[in-house]
Amino acid sequence: VRCDTGHPGYYLAPGSDTRYLCYGGYRYPKYPSATCTRCRSISNCETYSQCTGPSNSRCTKCQYDRGPGQKAYQLSSSRTSCTQLCSWRRDSKFCYPGMCEDNTPSSCRCAPGFSEDNCLTIDTGPVMHYCLGKLKRIVNGAEADTVEAPCTDDVASSFFSYTKMRPDVNSQVQLQATWETRFHGPSQTEYPRPYYIYSHSIGLISASMDWRHMRGNTRIRSGTIPCGSINADNPKSSMHSCTKTVTMTDTPQPGDSLYFTLKSLNGGYVRIKNYDRSSGYTVNPPVYFSGQELTRSAQFTFDPDPPYHCSVLSRCTYSILDRGSAVTRNGHITLRWPGWQDDVSGIVEYEYEVFLLVPHGEELQERDTAVTGAQVEPSVTEAHIALNETGVYSIVLTVEDSSGPDDGNFIIARRFLIFDNSSTVEVDTSGHFPLWVDSVAGNSTWQTNLQDSTGNGGKVQVKWLGHFFNRVHRDNKFLNRIRDHQPPIAIGYEELMGLPPNTRSREAIPNVNGIMMFQTDWAVDQQGGRTLVAPPGAWADVADFLTEQHDLDIPRQDGDTIKVWIRAFDVMGNVAEDNVTVHVDSSPPIVDDISLTRHEITGLAVHSSEDLFKMRVVFTAFDDHSGLHDIHWQLHDKKD
């Protein structure tokens, strides 16, 4: 007769006939009045043996015991408890990849790089073995320009590049990325599968390239390109290689940016054998890992235009390149160049170079090697240089932006200066190049025409061809035209026109023998020039100074002495002076008192007398102004 149904068993209650025990929930029907009381249950025990009191239950088999090595619970040696083991059960842990060190869920230790419940969280991302982005300009199907963005290293995870590439309607722009990543789980040798793991796979489960074309804050176009057939049910533990290319349908403009982000995600699954049935097992649906995503990003920004100076756009009053005075005796020069800008990539470097100019034919050009120079950071806009050699100098400033990766866009500015602390203006002393008054006859010092106070009469014409010169400037062609720079300099960034003292430009400075200005002054006296010891100070510029002559209106009369002073200036302001003196005599000599004399008797007349055959001709000749130079006489027979 059943005492009661079920487990864990029963014992005979006190007051009953103790000779009859209850076994396994039954009592003898001979004593129907005997009562069997239930023993204490044991958690997760499936079958019990008889018990003789309320606390001496004994388990003979724990639940989900499918034989040796396939148990969800472990029966204790005293058979009083069933301890939960790592197993397939949902209320337990399968702990993989990992190990249950003493076979209990609390002893689960995940493999390195894995954590959380059942080791299903991957803590480390994939490994990037190779990553390279390329920006290409395609013309007629061929690659014309390429800019690369290396992105393998983590430090380059946000690579930023400016490019000089200038797309147009006749070309296409392509963005291409190639990357190789890998992730694999722990070794099965080190972490073998427990009996309840049917299968597992860990590796890369997705890869893709995100891209976008931006114009300022406006998204022009964007997209995502997946790579490969991998997924959480089909992870790839070997190297995963991917190359993706997208062609821009909108032509990038200066300042536009193209971005790409490469992604690789790890993950995988574990499939568990389910032993809930009394025999055999089923396979549970896969349980998926929570993985980590590896990303590498790069940006290409289009900057095809060089830097510029704010003054070219009338945005400032700074000088493009200030070198101080264009003509100087001081060799200590301060260079300044504030006001340079680049709206996209910014200025990365300034380079200044100072060249001595040397003759090349009839022009000046930079000598091959710079006298001095340096490359400086964009925060530096000033430099100090020292010139030691007299000469004409070219100062070349190169301004470069950040649109590399090699040389960026650059623009060149150039200024010139003359440094001379030693040369002088000289006067010819050889006699080959005299100063003379050309309005007198021959080499005379006498002016033979007059001029009244109203300007009626001839001019005094003074000439000095080759008489004044600056030997250094003349021989080294300091004032000649300056040649074009190579590469050419953009309009507005060097001075094509302009003359000292304002500037020294590429334009030739008009000069004759290194002299660029003549002045004249004059004075007159009636004392043979004895009072003409210094110029009066009424200097007048010679308008057509290249002819080296000056026609002067000087009122004069017979007996005057005229002194003309000439002074010559070079570009440095050096001056040399010389003068020439002429006397004025426009009247002829006077011959008077002509008579015949014989034996001291004058005033004779000859009337066919032989006695008067020998006589003297007596006369008076004089010139009050210039005197007599010589006398000529002739005797004529007037018989006929």
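Definitions and limits used
Residues numbered from 1 in each chain as written. Predicted model: local features only at pLDDT ≥ 70, side-chain atom pairs only at ≥ 80, totals over all residues. Heavy atoms only, no water. Helix = DSSP H or I, 4+ residues; strand = E, 2+ residues; numbered from the N terminus. Buried < 20%, exposed > 50% of the residue type's maximum accessible area, 1.4 Å probe, protein only. Contact = heavy atoms within 4.5 Å. Areas by Shrake-Rupley, 256 points an atom, 1.4 Å probe, with all protein chains shown as cover. Lys, Arg positive; Asp, Glu negative; His and termini not counted. Salt bridge = Lys/Arg side-chain N within 4 Å of Asp/Glu carboxyl O. Polar contact = N/O pair within 3.5 Å; in protein donor to acceptor, adjacent residues only side chain to side chain. Phe/Tyr/Trp six-rings, centres within 6.5 Å; stacked < 30°, edge-to-face > 60°. Lys NZ or Arg CZ within 6 Å of the ring centre and 35° of its normal. Pairing = 2+ DSSP bridges. Axes fitted to C-alpha atoms, helices over the stretch in contact; angles between N-to-C directions. Core = buried A, V, L, I, M, F, W, Y, C linked by side-chain atoms within 4.5 Å. Patch = residues over 30% accessible without salt bridge, like charges linked within 9 Å, V, L, I, M, F, W, Y side chains within 5 Å. pLDDT = per-residue confidence, 0-100.

Turning next to the overall build of the chain. When its secondary structure is counted, the chain shows one helix and 45 strands. Sorting the 640 residues of the chain into buried and exposed places 41% on the buried side. Within the chain, counting contacts between residues at least 6 apart in sequence, those at least 24 apart form 66% of the total. Here the chain has roughly 34000 Å² of accessible surface; of this, 47% comes from carbon and sulfur atoms.

Let's shift gears to the side chain of D428. By secondary structure assignment, the location of D428 is in the loop between β32 (426–427) and β33 (436–437). There is no salt bridge for the buried D428, and the closest opposite charge comes from R471, which lies 7.5 Å off by N-O distance. Within the structure, D428 has its side chain in polar contact with the side chain of S430 (distance 2.8 Å). Polar contacts involving the side chain of D428 include one to the main-chain amide nitrogen of F433, which spans 3.1 Å. Once residues lying within four places of it in the same chain are set aside, the contact partners of D428 are F433, G466, H467 and F469.

Here we come to the packing of aromatic side chains. For the structure on display, the rule yields 14 aromatic pairs. Judged by centre distance (5.0 Å) and plane angle (55°), the ring pair of W88 and Y275 falls under tilted. Placement of W88 in the loop between β6 (82–84) and β7 (98–100) and of Y275 in the loop between β18 (257–274) and β19 (282–283) is noted, with a sequence separation of 187 residues between them. Of the two residues, W88 and Y275, both sit in the buried class. Members of the aromatic cluster, joined through ring pairs, are Y64, W88, Y195, Y196, Y275 and Y281. The positively charged end of R89 is found above the aromatic ring belonging to Y64, 4.2 Å away from the centroid. Lying over the aromatic face of Y281, K273 brings its terminal NZ or CZ to 5.0 Å of the ring centre.

Once that is clear, we can look at the side chain of D65. Tracing the chain through its elements places D65 in the loop between β4 (59–62) and β5 (73–75). This buried residue, D65, is left without a salt bridge; K71 holds the nearest opposite charge, at 4.2 Å. Setting aside chain neighbours within four positions, we find D65 in contact with Q70 and K71.

Looking now at the sheet that holds strand β17 (residues 240–247). Taken together, four strands build an open sheet; the order of strands is β12-β11-β14-β17 and the sheet is antiparallel. Taken across any chain shown, the strands that pair with only one partner, and hence form the sheet edges, are β12 (142–150) and β17. Ignoring strand direction, the axes of neighbouring strands in this sheet form an average angle of 20°. Note that strand β14 (residues 172–182) and β17 share eight bridges and pair antiparallel. What sits directly across from W179, in β17, is C242.

Within a sheet, neighbouring strands are paired by backbone hydrogen bonds and run either parallel or antiparallel to one another. Taking strand neighbours across the sheet as the criterion, the five strands line up as β34-β42-β41-β38-β39 in an open arrangement whose pairing is mixed. At either margin of the open sheet sits one strand with a lone partner, and together these are β34 (446–447) and β39 (540–541). Two strands pair when backbone bridges link them, and strand β41 (residues 561–569) and strand β42 (residues 575–584) are joined in this way by nine bridges, in the antiparallel orientation. Bridge pairing links T561 to H583 in β42.

Take the pairing of β41 next. Of all nine residues making up β41, eight are buried, and the element is well covered by its neighbours. Both strand β38 (residues 517–525) and β41 contribute to a ladder of nine bridges, which runs antiparallel. By the bridge assignment, D521 is partnered in β41 with W565. Counted between consecutive antiparallel strands, the loop separating β41 from β42 contains five residues, among which G573 sits at a positive phi close to 95°.

Evaluation of the coordinates by the stated rule reveals 22 salt bridges. The partner of R137 in a salt bridge is D145, and the shortest N-O contact between them spans 2.6 Å. Taking the shortest distance from any N to any O, the salt bridge between K263 and D210 comes out at 2.7 Å. With K263 in strand β18 and D210 in strand β15 (residues 197–215), the pair connects residues that are 53 residues apart, well separated along the chain. Among the charged side chains, a salt-bridge network with shared partners connects E366, R414, D484, E494 and R506.

This brings us to the nonpolar core. W88, F94, F114, I197, V270 and F289 are the most contacted members of the largest nonpolar core, which totals 32 residues. Taken together, the elements giving at least two residues each to this core come down to β3 (45–48), β4, β15 and β18. Per element, the largest residue contribution to this core is three residues, and it comes from β15. Each residue touching F289, except ones within four places of it in the same chain, is listed here: Y96, P97, F114, C119, L120, I122, S201, I202, G267, G268, Y269 and V270. Counting 29 residues, the second largest nonpolar core, distinct from the first, contains F355, V376, I385 and L387.

Within the element layout of this structure, V354 appears in strand β26 (residues 347–360). Considered as a pair, V354 and S394 are 40 residues apart in the sequence and their alpha carbons are 5.8 Å apart. When neighbours within four sequence positions are excluded, V354 is seen to be in contact with A370, V371, T372, I385, L387, Y393, S394 and I395.

On the surface, V591, I594, V617, F619 and I631 cluster together into a nonpolar patch covering about 490 Å² of accessible area. Take V617: it is sitting in strand β45 (residues 616–622). With a relative accessible area of 56%, V617 lands in the exposed category.

In this model, Q486 is joined to P487 through a cis peptide bond whose omega is 0°. Mapped onto the elements, P487 comes out in the loop between β37 (481–482) and β38. Residue P501 is reached from P500 by a cis peptide bond, and omega for that bond is 10°. Of note, P501 is situated in the loop between β37 and β38. Look at R79: it is not a glycine, yet its phi comes out positive at around 60°. Residue R79 is classed as partly exposed on the basis of its relative accessible area of 35%. Despite not being glycine, K477 shows a phi value in the positive range, around 55°. In this fold, K477 is placed in the loop between α1 (471–475) and β37.

A separate point is the confidence of the model for the chain. Across the chain, the average pLDDT comes to 89, with 88% of residues at or above 70. Here residues 23–33 is a poorly scored stretch, pLDDT under 50, and it has 22 contacts once near neighbours within four places are set aside; other chains count.

As for its position among the elements, F260 is in strand β18. When its relative accessible area of 0% is taken as the criterion, F260 is described as buried. Separated by 127 residues in sequence, F260 and G133 have C-alpha atoms that sit 8.3 Å apart. With near-sequence residues (within four places) excluded, F260 lies in contact with G133, L175, A177, M209, D210, W211, R296, S297, A298 and F300.

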